[in-house]
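Observations on the model geometry
Chain residues, written in single-letter form:
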Amino acid sequence: MIVAKRKPFNEIKDLVSGSKKILILGCGTCVAVCLAGGEKEVAVLASQLKMALALENRDVEIDKLTIERQCDREFIEEINSKVAVDDYDLILSTACGAGVQLSSDVFDHKVVVPALNTTFIGVAEGPGIWSERCRSCSDCVLAETGGICPVTICAKGLVNGPCGGTRKGKCEVDPEKECAWTLIYNRLEKLGRVDKMEQTLPPKRWNVQQHPAIIIHEAYRRRYE
Amino acid sequence: MGDCHFLEGNLRAKERVEYTKSLLDEIGLGGDRLEMFHIGASDAPFFAKAVETMTNRAKELGPNPLRCETPVAEAA
């Protein structure tokens, strides 16, 4: 999932300054799971903003609404049946960067600002802790590396490792961090596939990565081309 | 600490109270207005001390500015 973190409160307060009526728009998918922008976080942020602005004697009306996904047009368009979007001066979105942009596209006559900093694609390691696992490089090598991504985990992103900087399972770049290639070796050994360490992977095909990338599913190709 | 009927419930509560205090600090209301005390069911003296601590603190901090009838900026 996409993992995000709320911006510092004062930054958010500055982003909404000058607005008299604000809609805080939450997203019920990834950012809800990582406790950054779901319904509960929207409620906390709304309370904080109301109190902080009241302390400054600023009369601001703040409403809140959380939809299923802000990265899907049909869910954003539903908002019109729930609130009068035109009444708001500003939409404060607690979605990831993708959700903020799509909300901004759909309501292109409204100022839409982000309340979060989108950080990475990752997994939940436990309650309240997430780690990055994927750089979305468009050229996955996990089949060769025991399901551990060297592009993400290795500080140097090496697809053939380890480098000379591995130190007792730790990385020379940051001794606190695990050496990705030690993790890969241990996993391959456990899988009985340690022979894969002897193969040399071809240079990473960075050219397959487009920016901004667009994917059209085969079944829908005719519709868009 | 941690010796809770709900296993680790009081430790979780402690973390959440700390987080809530930080939210109050962020908005300028002050996290000192909120505190959590771990008090054993039979520890009346400590309960009384906790009440005294919070009473003194409330007096020191003054009324919640958001509940004052005078506008906050004027009161300041």
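Residues numbered from 1 in each chain as written. Chains lettered and ligands numbered in written order. Predicted model: local features only at pLDDT ≥ 70, side-chain atom pairs only at ≥ 80, totals over all residues. Heavy atoms only, no water.

For the structure on display, the rule yields 19 salt bridges over all chains. For A:Lys82, the salt bridge goes to A:Glu78, with nearest N and O atoms at 3.6 Å. With a relative accessible area of 48%, A:Lys82 lands in the partly exposed category. A salt bridge links B:Glu8 to B:Arg12, with the shortest nitrogen-to-oxygen separation between them at 3.1 Å. Classification of B:Arg12 as partly exposed rests on a relative accessible area of 45%. What emerges from the salt-bridge pattern is a single network uniting A:Lys13, A:Glu56 and A:Arg58. (Salt bridge = Lys/Arg side-chain N within 4 Å of Asp/Glu carboxyl O. Buried < 20%, exposed > 50% of the residue type's maximum accessible area, 1.4 Å probe, protein only.)

Residue and element names in this part refer to chain A. The omega torsion across Gly161 and Pro162 is 0°, close enough to zero to call that bond cis. For the bond running from His211 to Pro212, omega is -10°, close enough to zero to count as cis. With phi around 60°, Asn57 is a residue other than glycine that occupies positive phi space. One can find Asn57 in the loop between helix H3 (39-55) and strand S3 (61-67). (Helix = DSSP H or I, 4+ residues; strand = E, 2+ residues; numbered from the N terminus.)

Attention now goes to a nonpolar patch on the surface. Residue and element names in this part refer to chain B. On the surface, Ile39, Phe46, Phe47 and Val51 cluster together into a nonpolar patch covering about 330 Å² of accessible area. Relative to the helices and strands, Val51 resides in helix H2 (residues 44-61). Residue Val51 is classed as partly exposed on the basis of its relative accessible area, which comes to 41%. (Patch = residues over 30% accessible without salt bridge, like charges linked within 9 Å, V, L, I, M, F, W, Y side chains within 5 Å. Areas by Shrake-Rupley, 256 points an atom, 1.4 Å probe, with all protein chains shown as cover.)

In terms of domains, chain A is made up of domain 1 (2-120) and domain 2 (135-225). Summarising the inter-unit geometry, the C-alpha centres of domain 1 of chain A and domain 2 of chain A are found 35 Å apart. (Domains from an automatic or database assignment.)

A few words now on the packing of aromatic side chains. All names here are of chain A. Under the definition given, this model contains one aromatic pair over all chains. The ring of Tyr88 carries the charged tip of Lys21 above its face, separated from the ring centre by 5.0 Å. Of note, Lys204 hangs over the ring of Trp206, and the distance from its end group to the ring centre comes to 5.5 Å. (Phe/Tyr/Trp six-rings, centres within 6.5 Å; stacked < 30°, edge-to-face > 60°. Lys NZ or Arg CZ within 6 Å of the ring centre and 35° of its normal.)

Residues and elements named next belong to chain A. Pairing is antiparallel in the open sheet, where three strands are placed in the order S1-S6-S7. Both outer strands of the open sheet, strand S1 (2-6) and strand S7 (129-134), are each paired with one neighbouring strand and no more. Taking the axes of each pair of neighbouring strands and ignoring which way they run, one obtains an average angle of 70° across the sheet. (Pairing = 2+ DSSP bridges. Axes fitted to C-alpha atoms, helices over the stretch in contact; angles between N-to-C directions.)

This next bit is on helix H5 (residues 97-106) of chain A. Residue and element names in this part refer to chain A. Every buried residue of H5 is accounted for by Gly99, Val100, Leu102, Ser103 and Val106. Buried residues of H5, viewed axially, fall in a sector of 170°; they line one side. At its buried positions, H5 is contacted by strand S2 (21-27), helix H4 (73-77), strand S4 (90-93) and strand S5 (111-114). (Arc of directions from axis to C-beta. Contact = heavy atoms within 4.5 Å.)

Axis separation between H3(A) and helix H1 (residues 9-27) of chain B bottoms out at 9 Å; the angle between their running directions is 35°. In terms of crossing hand, the pair formed by H3(A) and H1(B) is right-handed. Side by side, H3(A) and H1(B) meet where A:Val44, A:Gln48, A:Met51, A:Ala52 and A:Leu55 of the first sit next to B:Leu23, B:Leu24, B:Glu26 and B:Ile27 of the second. Classifying every residue of the contact of H3(A) with H1(B) gives seven nonpolar, one polar and one charged. (Left-handed = near helix turned anticlockwise from the far one by under 90°. Nonpolar A, V, L, I, M, F, W, Y, C, P; charged D, E, K, R; others polar.)

On to the confidence of the model for chain B, then. All names here are of chain B. Of all residues in chain B, 87% attain a pLDDT of 70 or more, and the chain-wide mean is 87. No element of chain B has a lower mean pLDDT than helix H3 (residues 72-75), which averages 53, and none a higher one than H2, which averages 96. Predicted complex, confidence summary: ipTM 0.79, pTM 0.90. (pLDDT = per-residue confidence, 0-100.)

Residues and elements named next belong to chain A. Strand order in this open sheet of four strands is S3-S2-S4-S5, and the pairing throughout is parallel. Every interior strand has two partners, whereas the edge strands, S3 and S5, have only one. Shown here is a sheet whose adjacent strand axes are inclined to one another by a mean of 25°, direction ignored. Relative to S4, S2 runs parallel, the two being bridged by four bridges. Bridge assignment links Ile22 to a residue of S4, and that residue is Leu90. Against the sheet, H3 makes contact with S2, S3 and S4, and its axis sits at roughly 170° relative to S3, the strand it touches most. Sheet strands touched by H5: S2, S4 and S5. Its angle to S5, the strand with the most contacts, is close to 175°.

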